[in-house]
Amino acid sequence: MNELSDKWANSPMNDEKEPGIPERTFHRLRRNVESIFDVEIECIKGIEPRYRVSSNDLGPGDGNLYNLILNKATKDERSKSVREILGLILLGADIPSGDMEAVKDIMHKLRSIPFDYGKQLITSVEAGDIQGADCAEWDEYYRGYVCLWNKADYNRTDLWVSIGIYDDRVLFYIVTGSQDSAYHAKVSELLDVDNGEMYRGDYWWYEPTDKSLFQLDFQTFPDMKEVKRRAELLIAKIAELPDDIQKLEE
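Conventions used here
- Residues numbered from 1 in each chain as written.
- Predicted model: local features only at pLDDT ≥ 70, side-chain atom pairs only at ≥ 80, totals over all residues.
- Heavy atoms only, no water.
- Buried < 20%, exposed > 50% of the residue type's maximum accessible area, 1.4 Å probe, protein only.
- Helix = DSSP H or I, 4+ residues; strand = E, 2+ residues; numbered from the N terminus.
- Pairing = 2+ DSSP bridges.
- Axes fitted to C-alpha atoms, helices over the stretch in contact; angles between N-to-C directions.
- Parallel < 35°, antiparallel > 145°, perpendicular 65-115°, else oblique.
- Left-handed = near helix turned anticlockwise from the far one by under 90°.
- Contact = heavy atoms within 4.5 Å.
- Nonpolar A, V, L, I, M, F, W, Y, C, P; charged D, E, K, R; others polar.
- Salt bridge = Lys/Arg side-chain N within 4 Å of Asp/Glu carboxyl O.

### Some details on the pairing of strand S5 (residues 159-165)
- Counted residue by residue, S5 has seven buried out of seven residues, so it is predominantly covered.
- On S5, burial covers both faces: Leu159, Val161, Ile163 and Ile165 on one face and Trp160, Ser162 and Gly164 on the other are all buried.
- Here strand S4 (residues 145-149) pairs with S5 via four bridges, running antiparallel. Bridge pairing links valine 146 to isoleucine 163 in S5.
- The turn joining S5 and strand S6 (residues 169-176), which pair antiparallel and follow one another in sequence, is formed by three residues.

### So, the packing of helix H6 (residues 113-126) against helix H10 (residues 224-239)
- Running from N to C, H6 and H10 cross one another at 55 degrees; their axes reach a closest spacing of 12 Å. Considered as vectors, H6 and H10 are oriented oblique to each other. The handedness of the crossing between H6 and H10 comes out as right-handed. Of the residues in H10, those touching H6 at Tyr117, Gln120, Leu121 and Ser124 are Met224, Val227 and Lys228.
- Here the contact of H6 with H10 is built from residues that sort into four nonpolar, two polar and one charged.

### Comments concerning the pairing of strand S1 (residues 41-44)
- Taken together, the four bridges between S1 and strand S2 (residues 50-53) define a ladder with antiparallel strand orientation. Residue pairing in the sheet places isoleucine 44 in a bridge with arginine 50 of S2.

### Let's talk about the pattern of salt bridges
- What the rule picks out here adds up to nine salt bridges.
- A salt bridge links glutamate 42 to arginine 52; the shortest N-O distance between them is 2.9 Å. Taken as a pair, glutamate 42 in strand S1 and arginine 52 in strand S2 lie far apart in primary sequence, ten residues in all.
- Looking at arginine 52, the relative accessible area reads 27%, which means it is partly exposed.
- When the shortest N-O distance is used, the salt bridge between arginine 156 and aspartate 243 registers 3.5 Å. Of this pair, arginine 156 sits in helix H7 (residues 151-157) while aspartate 243 sits in the segment after H10; the two residues are 87 residues apart in sequence, bridging distant segments of the chain.
- Using a relative accessible area of 65% as the deciding quantity, one classes aspartate 243 as exposed.
- Members of the salt-bridge network, linked through shared partners, are Glu42, Arg52 and Glu197.

That's the geometry; what it means functionally is another story.
Here is the structure:
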């Protein structure tokens, strides 16, 4: 809130030279944004309270408003033409009606990337093509995310790998259902991941601090060999954890 207030105080659009945004105005604007985009903006309490779109509206890796709009447009049949409109805007020209059908086919193919390649990832685990992983299934809360784990290591550590496939990037997380803060700190230290963040289902998601392991960008289709390589590295990291990792919760 303070950051936005300072920006407004120094904005060239602030003709009245107001010193900032009153708290009441801030919360009115917040409620307006919630209404327009059909989201919840929650307060993260702390020394300096922060506001963010609720994790119920944004999944792991869904950090920008552009993706939020497109995701909601995809779910809402009444707005299914939003992607087509954005495509026309980006091209800067009208598309002949005949070519538009081809564009729709391409867009449909791109939208199916998370499902097609997620299914391919699950099939690879079932075929034994990803070393160390013997189980895989779709994430119960987030579309396009596949959970991979080794059954024995999961029973020992309560950790698994979650891979999110979007239409332009792949994200890699280590996830746990444990709520023990001491355990979270130990996981962060031993696995070289961040402090984690809680999303739906009260699961904690950790990003690898080595960003070459966290995000894989692509232009058209993901490099599945590289996806498998990173998955194997993260699965191996979990396997190397000491046997007493979960004793912190006792």
